[in-house]
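Chains, contacts and geometry: an overview
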Amino acid sequence: MGRRSQRPRVCVALSFGGLLGASLSIATPLHAAPPTSRPTSLPASRPDSSPTTRAASGKPASPTPRYGSVIRGQRVRRRAPADDPSSFSTRVEVDPQSPAELPALLAEVPGLKLRDQGGGQRQALLLRGAESHRVAVFLDGVRLNAPGGGGVDLALFDAAQLAAVEVRRSASSMRYGAAALGGAVILETPRLRRRRRTRLSLGYGSFDSLVGRAAHGGSWGRLRYWASGSYRQSDGDFAFVDSWNREAVRINNDSRRGELLLKADMDVGDWRLALLESLLLAERGMPGPLAGRDDTRQGDLRQVLALTARRVDPWVEGALLRLGLSHRLQRLRFDAAAAAQRSRNSIHSVEARANLLLPMAGWGRVDLGAELRGELFVDDLGASGEEPVGDHQRLLGDVFVSAQFQLWPERLRVVAGLRLASASDYGAQLLPKLGLLVSLWKSDAGYVEIVANAGRSVRYPAFSELYARFEGIRGDPSLEPEDALAADGGLRLGLSWLRLEGAYFRRLLVNAIRFAAIDSQTMMAAQNFGFVHVQG
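Residues numbered from 1 in each chain as written. Predicted model: local features only at pLDDT ≥ 70, side-chain atom pairs only at ≥ 80, totals over all residues. Heavy atoms only, no water.

1. Thoughts on the overall build of the protein
As a reminder, the rule being used: The helix count covers DSSP runs of H or I at least four residues long, the strand count covers runs of E at least two residues long, and both are numbered beginning at the N terminus. Partly exposed residues are those whose accessible area sits between 20% and 50% of the maximum for their type, while under 20% is buried and over 50% is exposed, using a 1.4 Å probe and protein chains only. In this description, contact between two residues means that some pair of their heavy atoms is separated by no more than 4.5 Å. Computed with the Shrake-Rupley method and a 1.4 Å probe, the accessible areas treat only the protein chains shown as cover for residues.
Secondary structure summary: the protein contains 3 helices and 33 strands in total. The buried share among the 536 residues of the protein stands at 46%. Put simply, of all contacts in the protein between residues at least 6 apart along the chain, 58% involve residues at least 24 apart. Here the protein displays about 26000 Å² of accessible surface, and carbon together with sulfur accounts for 60% of that area.

The structure is reproduced here in structure tokens:
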């Protein structure tokens, strides 16, 4: 059969009414992927997908169903195989032709809220009542939570650099380690493909807002690659009416954000080797509560470098072995008029991890994993005239095992896991989790399921909570880790034209850490509180 030619697609869009925008999109699929002569090439599945098992006849068996929802625009459909079938999760897929901002994309996710300060300012997560520093965030498997304190700022991510965002509401520390008290958010970059692709877009709008994006991917011999970059800026000087009914203009609300993403992989023998490089530079004003002059500025740098190796069928047919090594650098500069409020720090995090998936024909699968991570916090500028936060380090080592059992084929599935987590300054913790999935009805027309989960999670105190010495703020080196017990349960209904999900969750948080006033001079100090109940 002849090869069908495909012409590049060009799309230009203009809109008026206070905003002016233009976008150009070009797709250039020039060549079909050449056939491979290597029978051991790796599948193009997601890293957490189950490898296909084979039945006694030698033909591929049906894949294990993944339970959750996918949001692409307004369409919801079933998902591919998952590593945690009893979990409540939602996957939001990004439209590469017209990517929206993350707050708009995540608006469809149940139980998740974004505290968006607008104009390129901070966007903080709130997942099932848990603040952003109690939610684990990953970029292609690399942990982004900073040991210095505070949650991950989603305003620093351009949705055009992502392919999907997965929100695990039932996640716990058993699978995602410390800080996953409220769940986990997994950011996924675009997949590598052999087909050549090019994307260009440019937009301009109110308040001198400018967005420019460029991306190109394809293959060169055995190497597949993807490179993309984006630049976003806005003055953010909008008009508003203040509390005294006076007209004012928001000042020092500007933002400049630039991102670069590089990905590549290739087959070497029985292994697939992959490289990820992500770089962010941001400069933002920090507007005050009033319309007066405010020169407070914040600068951010985030760099992620990751090397991964994957091998299918290492010892057992259908098994999958993943090895990873990553380095994350994060720098923060906070310049304020008052010297005592200035801060500059750097964070280095190096992590090595290994994961082995073993399918057990007829009854489930087993996941084994080990992680070793070192974190270094460097205080480049301490509070004026006072003891700085100082330089601190932490070494963390975890091992975990998770297993899925089909106690009643097609009817009852149990997911059980245990993690041994240790930190150099807090010792070891055992973090179990148990999940249950009961299928009440399942056919080609749909399904009805009951699911439930229960597990324990921990969060180690951040260095800022332990050692902060700023004007009016004090840390406490004697803080204990936050400890949480969480459970959820509910019903899932899926039909060809309808998907319905209802759930109830409850979380008991012990030793919750908060900054609270300790004297009449408004001195704030980090403290452990007894317990906090959250339900919904």
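2. Comments concerning the pairing of strand E12 (residues 164-168)
We apply this condition: What makes two strands pair is DSSP finding at least two bridges between them.
By the criterion of burial, E12 is predominantly enclosed, with 5 of the 5 residues buried. Burial of the side chains of E12 extends over both faces: Ala 164, Glu 166 and Arg 168 are buried on one face and Val 165 and Val 167 on the other. Pairing geometry for strand E6 (residues 89-93) and E12, over 5 bridges, is antiparallel. Within E12, the position partnered with Thr 90 by the bridge is Val 167. Relative to strand E13 (residues 184-188), E12 runs antiparallel, the two sharing 5 bridges. Within the sheet, the bridge partner assigned to Glu 166 lies in E13 and is Ile 186.

3. Description of unusual backbone geometry
For Arg 128, which is not glycine, the phi dihedral falls at a positive 50°. Assignment of secondary structure puts Arg 128 in the loop between strand E8 (123-127) and strand E9 (130-131). On the accessibility criterion, Arg 128 (9% relative accessible area) is buried. Even without being glycine, Phe 207 reaches a positive phi, approximately 60°. Among the structural elements, Phe 207 can be located in the loop between strand E14 (197-205) and strand E15 (209-220).

4. Details of the pairing of strand E19 (residues 255-268)
Looking along a regular strand, one sees side chains alternate from face to face of the sheet. With 11 bridges joining them, strand E16 (residues 223-234) and E19 adopt antiparallel strand pairing. Paired with Gly 229 across the two strands is Leu 260, which belongs to E19. Bridge count for E19 against strand E20 (residues 271-285) is 14 bridges, and the pairing is antiparallel. If you follow Arg 257 over to E20, its bridge partner there is Ala 282. As consecutive antiparallel partners, E19 and E20 are separated by 2 residues, and within that stretch Gly 269 has a phi angle of approximately 65°, a positive value.

5. Section: the packing of aromatic side chains
Defined as follows: Two rings from Phe, Tyr or Trp (for Trp, the six-membered ring) form a pair when their centres are within 6.5 Å of each other. A pair whose planes differ by under 30 degrees is stacked, one over 60 is edge-to-face, and the rest are tilted.
Applying the stated criterion across every chain, the model contains 6 aromatic pairs. Taken together, a centroid distance of 6.5 Å and an interplanar angle of 70° make the contact between Phe 207 and Phe 238 edge-to-face. Here the residue Phe 207 occupies a position in the loop between E14 and E15, and Phe 238 occupies one in the loop between E16 and strand E17 (239-241), the gap between them amounting to 31 residues. For Phe 207, a relative accessible area of 40% corresponds to the partly exposed category. The class for Phe 238 is partly exposed, based on a relative accessible area of 34%. Aromatic side chains Trp 363 and Phe 405 sit 5.3 Å apart centroid to centroid with 15° between the ring planes, which places their arrangement in the stacked category. With a gap of 42 residues between them, Trp 363 in the loop between strand E23 (343-360) and strand E24 (364-381) and Phe 405 in strand E25 (residues 392-408) connect regions that are remote in the sequence. For Trp 363, a relative accessible area of 32% gives the class partly exposed.

6. Brief notes about the pattern of salt bridges
What counts, and what does not: In what follows, salt bridge is the name for a side-chain nitrogen of Lys or Arg lying within 4 Å of a carboxyl oxygen of Asp or Glu.
Going through the model one piece at a time under the given rule, you end up with 38 salt bridges. A salt bridge links Glu 188 to Arg 91; the nearest nitrogen and oxygen atoms lie 2.8 Å apart. Taken as a pair, Glu 188 in strand E13 and Arg 91 in strand E6 lie far apart in primary sequence, 97 residues in all. According to the relative accessible area criterion, Glu 188 is buried, its value standing at 9%. Residue Arg 333 is joined to Asp 335 by a salt bridge in which the shortest nitrogen-to-oxygen separation is 2.9 Å. Judged by its relative accessible area of 26%, Arg 333 is partly exposed.

7. A few points about the side chain of Glu 93
What counts, and what does not: What qualifies as a polar contact is a pair of N or O atoms within 3.5 Å, subject to a donor-acceptor requirement within protein and to the restriction that residues adjacent in sequence count only when both atoms come from side chains.
Looking at the element boundaries, Glu 93 is found in strand E6. Polar contacts involving the side chain of Glu 93 include one to the side chain of Arg 91, which spans 3.4 Å.

8. Observations concerning a nonpolar patch on the surface
The test is simple: Patch membership requires over 30% relative accessible area and the absence of a salt bridge. Like charges are linked within 9 Å, and nonpolar side chains (Val, Leu, Ile, Met, Phe, Trp, Tyr) within 5 Å.
Judged by side-chain polarity, Leu 368, Val 399, Val 401, Leu 418, Leu 420 and Leu 430 come together as a nonpolar surface patch covering roughly 450 Å² of accessible area. Of all elements in the fold, only E25 and strand E26 (412-423) reach the threshold of two or more residues within the nonpolar patch. Note that Leu 418 resides in strand E26. For Leu 418, a relative accessible area of 36% translates into the label partly exposed.

9. Description of the confidence of the model for the protein
Test applied: How sure the predictor is of each residue is captured by pLDDT, a score from 0 to 100.
When the pLDDT values of the protein are averaged, the result is 81; 79% of them are 70 or greater. Note that pLDDT drops below 50 for residues 1-67; the model gives that stretch 129 contacts with residues more than four away or on any other chain. Every residue in residues 72-81 is under pLDDT 50, and counting partners more than four places away or in other chains gives 33 contacts.

10. What to know about the sheet that holds strand E7 (residues 112-116)
Within the open sheet, the 3 strands sit side by side as E7-E8-E9. Their pairing is antiparallel. Pairing within the sheet leaves two strands with one partner each, and these edge strands are E7 and E9. With 5 bridges connecting them, E7 and E8 associate as antiparallel partners. Within the sheet, the bridge partner assigned to Leu 114 lies in E8 and is Leu 125.

11. As for the environment of His 216
With respect to the element layout, His 216 can be found in strand E15. Given a relative accessible area of 28%, His 216 falls into the partly exposed group. As a C-alpha pair, His 216 and Arg 197 span 19 residues in sequence and 5.5 Å in three-dimensional space. His 216 has contacts with Arg 196, Arg 197, Thr 198, Tyr 225, Trp 226 and Ala 227, leaving out every residue within four places of it along the chain.

12. Overview of the nonpolar core
Condition: Buried Ala, Val, Leu, Ile, Met, Phe, Trp, Tyr and Cys residues form a nonpolar core when they are joined through side-chain atoms within 4.5 Å.
Leu 102, Leu 106, Leu 144, Val 185 and Leu 187 are the most contacted members of the largest nonpolar core, which has 31 residues in total. Those elements that place two or more of their residues in this core are helix H1 (102-105), E8, strand E10 (136-139), E12, E13 and strand E21 (297-312). The contact partners of Val 185, leaving out residues within four places of it in the chain, are Leu 125, Val 135, Ala 136, Val 137, Phe 138, Val 165, Glu 166 and Val 167. If you look at the next biggest cluster of nonpolar residues, it comprises 16 residues, including Phe 377, Tyr 460, Leu 466 and Ile 513.

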